[in-house]
Amino acid sequence: MVKRIKNLFECEECNLWYNDQKTAQKCEQWCKAHHSCNLEIIQLSV
Ligand SMILES: [Zn+2]
């Protein structure tokens, strides 16, 4: 589950933080499915 702290959202699979929940959820879904990181997503992390 995506964790929220203030206005940051964490992908609990790879522990990267995002400015928006949508992207964090996308990252988490990708991480769970592929057990790797999607460069297009992680470049949006903060
Ligand atoms: Zn992730």
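Residues numbered from 1 in each chain as written. Predicted model: local features only at pLDDT ≥ 70, side-chain atom pairs only at ≥ 80, totals over all residues. Heavy atoms only, no water.

One full turn of an α-helix is made of 3.6 residues, so residues set three or four places apart face in the same direction. Taking 1.5 Å of rise per residue, the 14 residues of helix α1 (residues 21–34) would be expected to cover 20 Å, and the 20 Å separating its terminal C-alpha atoms lies within 8% of that figure. Of the surrounding elements, those touching the buried residues of α1 are β2 (8–10), β3 (17–18) and α2 (39–42). With its phi angle positive at about 50°, H35 sits one or two positions after the end of α1. (Helix = DSSP H or I, 4+ residues; strand = E, 2+ residues; numbered from the N terminus. Expected span 1.5 Å × (residues − 1). Contact = heavy atoms within 4.5 Å.)

This part takes up the environment of E10. Mapped onto the fold, E10 is located in strand β2. Among all residues touching E10, those that are not within four sequence positions of it are M1, V2, K3, N15, L16, W17 and E28.

Note that T23 resides in helix α1. Here D20 takes part through its side chain, which lies 2.6 Å from a polar atom of the side chain of T23. Ignoring any residue separated from it by four or fewer positions in sequence, one finds T23 in contact with Y18, I41 and L44. (Polar contact = N/O pair within 3.5 Å; in protein donor to acceptor, adjacent residues only side chain to side chain.)

What follows deals with unusual backbone geometry. Even without glycine at this site, K6 takes up a positive phi of about 55°. Here K6 is to be found in the loop between β1 (3–5) and β2. Phi angles above zero are rare outside glycine, and N15 is one such case at about 60°. N15 gets classed as partly exposed once you look at its relative accessible area, which sits at 47%. (Buried < 20%, exposed > 50% of the residue type's maximum accessible area, 1.4 Å probe, protein only.)

Turning next to the pattern of salt bridges. Here the structure, examined in full by the defined rule, presents 2 salt bridges. K3 is paired through a salt bridge with E10; the nearest N and O atoms lie 3.1 Å apart. Take E10: its relative accessible area is 7%, and that puts it in the buried class. Here E28 and K32 are joined by a salt bridge, their closest N and O atoms 3.8 Å apart. Of this pair, E28 and K32 both sit in helix α1, 4 residues apart, roughly one helical turn. Residue classification places K32 among the partly exposed residues on the basis of a relative accessible area of 44%. (Salt bridge = Lys/Arg side-chain N within 4 Å of Asp/Glu carboxyl O.)

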